[in-house]
Amino acid sequence: MKKLINHPDTVVTDALAGMAAAHPSLSVDLENRVITRAGQPAAGKVGLVSGGGSGHEPLHGGFVGYGMLDAACAGEVFTSPVPDQMLVATKAVNAGAGVLHIVKNYTGDILNFAMAAELADDEGIEVSSVVVNDDVAVQDSLYTAGRRGVGATVFVEKIAGALAERGAPLTEVAAVAAEVNERSRSFGVALTSCTVPAAGKPTFELADQEIELGIGIHGEPGRTRAALQPARDIVATAMDAIGSDMSLDGDLLVMVNGMGGTPLIELYIAFDEVSRYLAGRARIGRNLVGNYITSMEMQGFSVTVCRLTDTLAELWDAPVETPGLRWGR
């Protein structure tokens, strides 16, 4: 294992310390591994909390800031945070209007966020939860019952965050988060495995000319293994899977996301193939190309598509200022 770390046991805390040093707009509680916006929460604003295992940066801590999350909880690499962390985050961002938990559909995250919500309720904090389950690749995996939550998490955090910033009530913020999830689908592809520092070896093995279609962000198996193909064929497989589950028409928000080890030049090639695939069927009204929800140093990519409405497009365009997304301010 060759990684730029001090020790496998300190990867998460060392990275959080680095985030604190790099981003004065964030407040980082190293003891509880909770990232919040610096300063006090805005009175009367719905608080947005998300979190999950580390190793998917910039998700989630990189999306804490104006127009997105108010707090994020960092678990160990590929491991859910614990309820105590989630409760700390929930209490920190509660400003009297309630708190929305944005939860990716992984068993540990579901159980721990549910427990944290119960604990918060005991303290008089109203909590709503929205589960993201946009992955069309497989119904169940090593980590989930039902579909995995992947790239649409970024869309949910951005759009719900914009509405919360406007002072909308918890019911409306939760409803738009659920709407974004319903209108979004994702499919991922791995060209290589990745190595979790604590394990010290690749999570799985792929031959030099082999790829995994439908991979999860923790290295979970996909639909099938196949021979390496040109980018246009791999992208077509991903888009066919998405299109078989959701109509691809109208205005779309499309994210071509790198899994951590894929050069940007290859992601632009993939985006070009997505554009060609959709030509004559739909209009890509908004897009992201880059690393937004990664899997350590895995080579590969995912495509996430959201069917926009005028309202969702307006909320997407609203100002945002986080380490991972920034425009309009």
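The present account deals with the structure reproduced in this document. (Residues numbered from 1 in each chain as written. Predicted model: local features only at pLDDT ≥ 70, side-chain atom pairs only at ≥ 80, totals over all residues. Heavy atoms only, no water.)

### Details of the overall build of the protein chain
Put simply, the test is: Going along the chain from the N terminus, every DSSP run of H or I of four or more residues is numbered as a helix, and every run of E of two or more is numbered as a strand. Only C-alpha atoms enter the radius of gyration; for comparison, a globular chain is expected to reach 2.2 Å times N to the power 0.38, where N is the number of residues. Per-residue accessibility, obtained with a 1.4 Å probe over protein chains only, is compared with the maximum for each type, and a residue is labelled buried under 20%, exposed over 50%, and partly exposed between these values. Per-residue accessibility takes into account occlusion by the displayed protein chains alone, with areas from the Shrake-Rupley method and a 1.4 Å probe. Positive charges come from Lys and Arg, negative ones from Asp and Glu, while His and the chain ends are left out of the count. Here the site of a charge means NZ on Lys, CZ on Arg, CG on Asp, or CD on Glu.
Regarding its fold elements, the protein chain presents eight helices and 14 strands. Its C-alpha atoms give the protein chain a radius of gyration of 19 Å, near enough to 20 Å, the size a compact globule of 329 residues would have. Overall, the C-alpha framework of the protein chain stretches about 55 × 50 × 35 Å when taken along its three principal axes. Out of the 329 residues belonging to the protein chain, those deemed buried represent 54%. Summed over its atoms, the accessible surface of the protein chain is roughly 13300 Å², and 50% of this surface lies on carbon and sulfur atoms. Seen as two clouds, the 24 positive and the 40 negative side-chain charges of the protein chain have centres 5 Å apart.

### A closer look at the layout of surface pockets
Our working rule: Here a cavity is any set of points on a 1 Å grid over the protein atoms alone where a 1.4 Å probe fits but cannot get out, and a pocket is any open set with protein on both sides within 12 Å along at least 5 of 7 lines; a residue lines the site when it has an atom within 4 Å of a point. Grid points are joined across faces, edges and corners, and a volume is the space filled by probe spheres set on the points. Throughout this entry, Asp, Glu, Lys and Arg are counted as charged residues, while Ala, Val, Leu, Ile, Met, Phe, Trp, Tyr, Cys and Pro are counted as nonpolar. The remaining residues, Gly among them, count as polar.
Its boundaries defined by the atoms lining it, the largest pocket holds a volume of some 540 Å³. Lining the largest pocket are 30 residues, and of these Val-11, Ala-15, Ser-54, Gly-55 and Glu-57 sit closest to its centre. Broken down by class, the residue content of the lining of the largest pocket amounts to 16 nonpolar, twelve polar and two charged.

### Overview of the environment of Gly-219
As a reminder of what qualifies: The contact rule is simple, with two residues in contact once any of their heavy atoms fall within 4.5 Å.
Position of Gly-219 relative to the elements: it lies in the loop between strand 8 (210-213) and strand 9 (224-227). Residue Gly-219 is classed as buried on the basis of its relative accessible area of 11%. Along the sequence, Gly-219 and Thr-195 sit 24 residues apart, while their C-alpha atoms lie 9.6 Å from each other. Not counting residues up to four positions away in its chain, the partners in contact with Gly-219 are Phe-204, Ser-295 and Met-298.

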